[in-house]
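Coordinate inspection notes
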Amino acid sequence: MFRTQLVRYKRFVSRRLFCSEAGFRNVHQAKRFYAPLLDMKEATVIKYIDKSEFFLDLDQKDVERKINYLKYLNATGTEILEHAQLLTLHLFTLENRATILRESGFVETLTLMTVSKYLTIVRKSVKTLKLHQLIPADLNMVEQMKKQFDVDICPNVDNNSDDVQLQELRKAFLMEFLKIRLQLSEDEITKLWKTYSRLKHRSFGHTQRVLDILQHDYHFGRDKIIGNFYLLCAHPENLLRFPEVVPTIAETSIKEVIMRQPKIAMVQCEKVKDLLDELRKQNICEKGIFIYPIILTLSPETVRARLKELQKHHEFKVLLSNPRIVKLIAYQTKATIRLEFLRQMKVRCASLNVLSGHSKNFERYVLDGYDRTTGKDTSHYLNMIFNQHGMKAMNSLKKHPNWFHVPVIQLRNTFEYLINEGFEADSILENVQILLYPRFRIESKLQTLLDCKERKIQHDEMGLELTSTTPIQILSLCLYLIEVDFRFTGDGVWPEENQQSDTVTTTNIKIPSTLHSTYKYGKKPAGSANI
């Protein structure tokens, strides 16, 4: 008794610390869920829960669908509990295994026992299956399988041989079907089968239906299907429900989006909907989702965690409204490692493309030593704060000799400081180059100007009366005073620790010995945690 209570206590603590929201907090919550669903008494259910810890880890909605499917196979509550390991399998896997057995002549013997022993059964010969009375003794397996296709399939097998394994016989039929349906050569089907051998665990019916949907509903051509052969493992019902559950993304048909990124078809449409809702909740631009649809292959939980992590970094946080932030979310781990390295190299202007792009591009960026921005992220930020005047702001900014050495985060910090000081966006737009300067260079100059205006006294350095000056003029004078200190070279944009002359446009970056071929520019090598 004490041992049982101790086990339950440990499990309870574990659930409190590590369980997902979709699982069960404790045994009592689990038994109240399973008992009515299985038509069993709670006392009986709890005995099985004590034997198998995974009962508490199962997603409630998911396990309910699995139990309902097992009931569809005429299984009782007791049988389900006795073969509880089946509940750990994906529902689609259960459906495929049961369908494959049914296609192979299992009728009265299609039970949870045979479904749970599926992997063993398919490796047995037809003769052995008949000997154990799992299929009728007079069943002609070749003819049985021919009936499962809507076209004539005649693979090179002995029509009366029962010595062949069930799995090998199914493989021969499925390969022959795909050869005919997709007009594949012997070499092509052999190569594809070697890469996508898990097709052997997909039923004939599901495979045919998926092909029908891809070709007729999604308008996938032969070459598109061959290039994304894994799609034959997709769930046909999921493919059909996608246009209903997720009709469009960024006003683009989901079918067109899947054509662009076929991997999405392998994700449950409900999860894609949840993910889109999460991204919209975070004000992530749908245009970015369309440009980088690979993010839809991630789970909502993963995206939520990555967004939370990105917001911890000021360099990433300022880019959250950028459509291309979607790519950064998809490759967040790689981008974070790169940002950490660039910080140590005192490189400030890495763009979204540098942080999340191809490894070769990042390597070239590092080796070239150019601490500069391409302007895409800057342009997007200016469009965001100045709306339709964003292009005008960008053109004015480009007149500054060092504009491309200023990161977006510096622009944002200066803009927010000026807004907090009471300046309107229109006034800042007329002096947009002031955004290039660090806040600490602006503060003292601006406060002196504002103080002179408020006290109606002359400015000592310029000898001007500022009483009637407008906000636009105040910012212009502030910008003038900053550049006076740097003899109008434009070098005032640099923080003190990064001060450069007007003739130097690159940052000398010495790549440490730890950055050799094993680093891969986005993946830390073993033993290099503190690069």
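About the cut-offs
- Residues numbered from 1 in each chain as written.
- Predicted model: local features only at pLDDT ≥ 70, side-chain atom pairs only at ≥ 80, totals over all residues.
- Heavy atoms only, no water.
- Helix = DSSP H or I, 4+ residues; strand = E, 2+ residues; numbered from the N terminus.
- Buried < 20%, exposed > 50% of the residue type's maximum accessible area, 1.4 Å probe, protein only.
- Contact = heavy atoms within 4.5 Å.
- Areas by Shrake-Rupley, 256 points an atom, 1.4 Å probe, with all protein chains shown as cover.
- Salt bridge = Lys/Arg side-chain N within 4 Å of Asp/Glu carboxyl O.
- Axes fitted to C-alpha atoms, helices over the stretch in contact; angles between N-to-C directions.
- Parallel < 35°, antiparallel > 145°, perpendicular 65-115°, else oblique.
- Left-handed = near helix turned anticlockwise from the far one by under 90°.
- Nonpolar A, V, L, I, M, F, W, Y, C, P; charged D, E, K, R; others polar.
- Phe/Tyr/Trp six-rings, centres within 6.5 Å; stacked < 30°, edge-to-face > 60°.
- Lys NZ or Arg CZ within 6 Å of the ring centre and 35° of its normal.
- Arc of directions from axis to C-beta.
- Lys, Arg positive; Asp, Glu negative; His and termini not counted.

Across its full length, the protein carries 30 helices and 2 strands. Split into buried and exposed, the 531 residues of the protein put 49% on the buried side. In the protein, the share of contacts with a sequence separation of at least 24, taken over all contacts with a separation of at least 6, comes to 67%. Total accessible area on the protein is roughly 27,600 Å²; 49% of this is exposed by carbon and sulfur atoms.

Below, the discussion takes up the pattern of salt bridges. Opposite charge on two side chains makes pairing possible when the charged atoms of those side chains draw close. Across all of its chains, the model carries 20 salt bridges by this definition. A salt bridge links glutamate 176 to lysine 179; the shortest N-O distance between them is 3.8 Å. Residue glutamate 176 and its partner lysine 179 are located together in helix 11 (residues 166-182), separated by 3 residues, close to a single helical turn. In this structure, glutamate 430 and lysine 392 form a salt bridge, with 3.4 Å as the shortest nitrogen-oxygen distance. In this pair, glutamate 430 is assigned in helix 28 (residues 425-430) and lysine 392 in helix 26 (residues 390-397), connecting sequence segments 38 residues apart. Classification of lysine 392 by relative accessible area gives partly exposed; the value is 42%. Connected through shared salt-bridge partners, Asp62, Arg65 and Lys66 make up one network.

With that settled, the discussion passes to the packing of helix 11 against helix 13 (residues 204-217). Between helix 11 and helix 13, the least distance of the axes is 11 Å, while the angle of their chain directions is 15°. Judged by the inter-axis angle, helix 11 sits roughly parallel to helix 13. Judged by the sense of rotation from one axis to the other, the crossing of helix 11 with helix 13 is right-handed. Contact residues: helix 11 offers Arg170, Phe173, Leu174, Phe177, Leu178, Arg181 and Leu182, while helix 13 offers Phe204, Thr207, Gln208, Leu211, Asp212 and Gln215. Classifying every residue of the contact of helix 11 with helix 13 by side-chain character gives 7 nonpolar, 3 polar and 3 charged.

Under the defined criterion, the tally for this structure stands at 12 aromatic pairs. A centroid spacing of 5.3 Å and a plane angle of 35° characterise the contact between phenylalanine 149 and phenylalanine 177, whose relative ring orientation is tilted. Taken together, the positions of phenylalanine 149 in the loop between helix 10 (141-146) and helix 11 and phenylalanine 177 in helix 11 put the pair 28 residues apart, joining distant regions of the chain. Assigned by exposure class, phenylalanine 149 and phenylalanine 177 land together as buried. Look at tyrosine 218 and phenylalanine 220: their rings are 6.5 Å apart centre to centre, the planes differ by 80°, and that puts the pair in the edge-to-face class. Grouping residues by exposure puts tyrosine 218 and phenylalanine 220 together as buried. In textbook terms, an aromatic cluster arises when at least three aromatic residues are bridged by ring pairs, as seen for Phe33, Tyr34, Phe54 and Phe55. A cation over a ring is seen here: lysine 255 above tyrosine 218, with NZ or CZ 5.8 Å from the ring centre. In this structure, lysine 334 packs its charged tip against the face of tyrosine 331, placed 4.6 Å from the ring centre.

Looking at helix 26, one finds that the buried residues are Gly390, Ala393, Met394 and Leu397. Summarising the axial view, the buried residues of helix 26 lie within an arc of 100°, below the 170-degree limit, and thus occupy one face. Each element contacted by the buried residues of helix 26 is listed here: helix 25 (376-386), helix 27 (408-420) and helix 28.

Mapped onto the elements of the fold, glutamate 483 is located in helix 30 (residues 471-485). Of the side chains with opposite charge, arginine 441 comes closest to the buried, unpaired glutamate 483, at an N-O distance of 7.8 Å. Aside from chain neighbours lying at most four places away, what touches glutamate 483 is His400, Tyr437, Phe488, Thr489, Gly490, Asp491 and Gly492.

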